[in-house]
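Here are the chains, one letter per residue:
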Amino acid sequence: MRLRLCTWNVNSVRLRVEQIARLVDEQAPDVLCMQEIKCQEGEFPREAFAAVGLPHLKIAGQKGWHGVAIASRLPIEDAAPLDVCREKHARCVGGKVAGVEIQNFYIPAGGDIPDREINPKFDHKLDFFEKLTAEFARRDPKAPLAVVGDLNVAPGEFDVWSHKQMSKIVSHTPIELEAFAKLKASLDFIDLPREAVPEPEKLFSWWSYRAADFRKSNRGLRLDHILVTPGLREAAFRTGAVSSRVHDDVREWTRPSDHAPVTADLAV
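Here is a short report on the structure shown in this document.

Thresholds, definitions, all that
- Residues numbered from 1 in each chain as written.
- Predicted model: local features only at pLDDT ≥ 70, side-chain atom pairs only at ≥ 80, totals over all residues.
- Heavy atoms only, no water.
- Helix = DSSP H or I, 4+ residues; strand = E, 2+ residues; numbered from the N terminus.
- Expected span 1.5 Å × (residues − 1).
- Buried < 20%, exposed > 50% of the residue type's maximum accessible area, 1.4 Å probe, protein only.
- Arc of directions from axis to C-beta.
- Contact = heavy atoms within 4.5 Å.
- Core = buried A, V, L, I, M, F, W, Y, C linked by side-chain atoms within 4.5 Å.
- Polar contact = N/O pair within 3.5 Å; in protein donor to acceptor, adjacent residues only side chain to side chain.
- Phe/Tyr/Trp six-rings, centres within 6.5 Å; stacked < 30°, edge-to-face > 60°.
- Lys NZ or Arg CZ within 6 Å of the ring centre and 35° of its normal.

## Thoughts on helix H5 (residues 174-186)
Thought 1: Between its first and last C-alpha atoms H5 spans 18 Å; for 13 residues at 1.5 Å apiece the expected length is 18 Å, and the two agree.
Thought 2: Every buried residue of H5 is listed here: Glu176, Ala179, Phe180, Leu183 and Ser186. Down the axis of H5, the buried side of the element spans an arc of 120°, and every buried residue falls inside it. In H5, the exposed residues that point more than 90 degrees away from the buried face are Pro174, Lys182 and Ala185.
Thought 3: If you follow the buried residues of H5, they end up packed against helix H3 (120-137) and strand S11 (224-228).
Thought 4: Following H5 by one or two positions, Asp188 adopts a phi angle in the positive range, close to 55°.

The following block contains the structure:
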C-alpha cells in the first residue's frame, strides 16, 4: 500500500480550508501533518477534513499561536507523547498510521539574534533540538518512524538562496546546522526530499511574503522536512528511487501560506 505523507505549515488552518481541500484533491495525501494551525482543539474545522476524506485527527492546539495537527485517511493509533518543549507550547503531535509512527513538529523559529545567551527564543530553539535528539538517540533505528514538520532550519548549503549571506541569519547559522546534523545522526535519519532532489540542486519550501514575486526573487529556504529512520528505508526506496516533492505551485495560490507542502511516499 502506498502511504503518502504530507507536511505543511498552513499558517492558520481555518484560513486555508479551501486550499487544503484543493491540495487533498490534487495530491491525495493519506496523512497530512500541519503546523501553525493557530487554533484550539475545539475550534479546529473537523467537518471540512471529514468532507475531503481525512476524518481521523490528532490535534495539539493553542489559542492564537503555534499548534500542530495530523489528519489521516486511515485510523491513527496513539504514540507516546514527546515532552521536548520547555515552554509547553503546542509544537508536537504524534500517532501511528499503518504501522508507521509519525511525529509532527513545529520547532521554534528562534527570534532574530543567533545567540542563546542573550536571546531566550534562540536558546529555546536549541534546547528543543537537544531534547529531541536525546529522545531519539534512545530509540531503535530499525523501528519505523517518520519525523516531519517545520523544523525551522535550512540544513544544507543548497537549502538556502545564499549560503554566504544566510550563515549569520537565524535558520542557517553554524550552531543550528550542527544541531540539525546531530538530530539527523541520532537515528541515522534519511532526508527523503533530498534523496529525491540531490545536491547541488537548490530546494526550498519557504519564501517570504515580502517578495512581490517569490519565483523571480527566489530567496527561499528549505525549512520543512520529512525524515525517516533506516527502518523505513526499504519502504521509501521500494520502487528504486524516493518519491518526494515540494509543491511550490501551492505558493502561487490565492492568499497562500508562506510555506509550500512537501510530500513523500512510502510502500507499507
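## What to know about the environment of Leu183
Thought 1: Structurally, Leu183 can be placed in helix H5.
Thought 2: For the pair Leu183 and Asp213, spaced 30 residues apart in the sequence, the C-alpha separation amounts to 34 Å.
Thought 3: Beyond its immediate stretch of four places on either side in the chain, Leu183 contacts Phe129, Leu132, Thr133, Phe136 and Phe189.

## Looking at the nonpolar core
Thought 1: Judged by nonpolar contacts, the single largest core of 35 residues is most densely connected at Leu3, Leu5, Val31, Val97, Ile102, Leu192 and Leu266.
Thought 2: In this structure Leu192 touches Ile226, Val228, Ala236, Val242, Ser244, Ala264 and Leu266, once residues within four positions along its chain are discounted.
Thought 3: If you look at the next biggest cluster of nonpolar residues, it comprises 23 residues, including Phe128, Phe136, Phe180 and Leu183.

## Focus on H3
Thought 1: Here H3 spans 25 Å end to end across 18 residues, near enough to the 26 Å set by a 1.5 Å rise per residue.
Thought 2: Every buried residue belonging to H3 is among Phe122, Asp123, His124, Lys125, Leu126, Asp127, Phe128, Phe129, Leu132, Thr133, Glu135 and Phe136, and all of these are buried.
Thought 3: Buried residues along H3 sit in contact with strand S6 (100-106), strand S7 (145-150) and H5.
Thought 4: Capping the start of H3 is the job of one residue whose side-chain oxygen sits 3.0 Å from the backbone nitrogen of Lys121: Asn119.

## Here we look at the packing of aromatic side chains
Thought 1: One pass over the structure, following the stated rule, counts six aromatic pairs.
Thought 2: Each ring, one from Phe136 and one from Phe189, has its centre 5.5 Å from the other, and the planes form 70°; the classification is edge-to-face. Residue Phe136 is found in helix H3, and its partner Phe189 is found in the loop between H5 and strand S8 (190-191); the two are separated by 53 residues along the sequence.
Thought 3: Residue classification places Phe136 among the buried positions, given a relative accessible area of 0%.
Thought 4: With a centroid separation of 6.4 Å and an interplanar angle of 75°, the aromatic rings of Phe204 and Trp207 are classed as edge-to-face.
Thought 5: Lying over the aromatic face of Trp161, Arg219 brings its terminal NZ or CZ to 4.1 Å of the ring centre.

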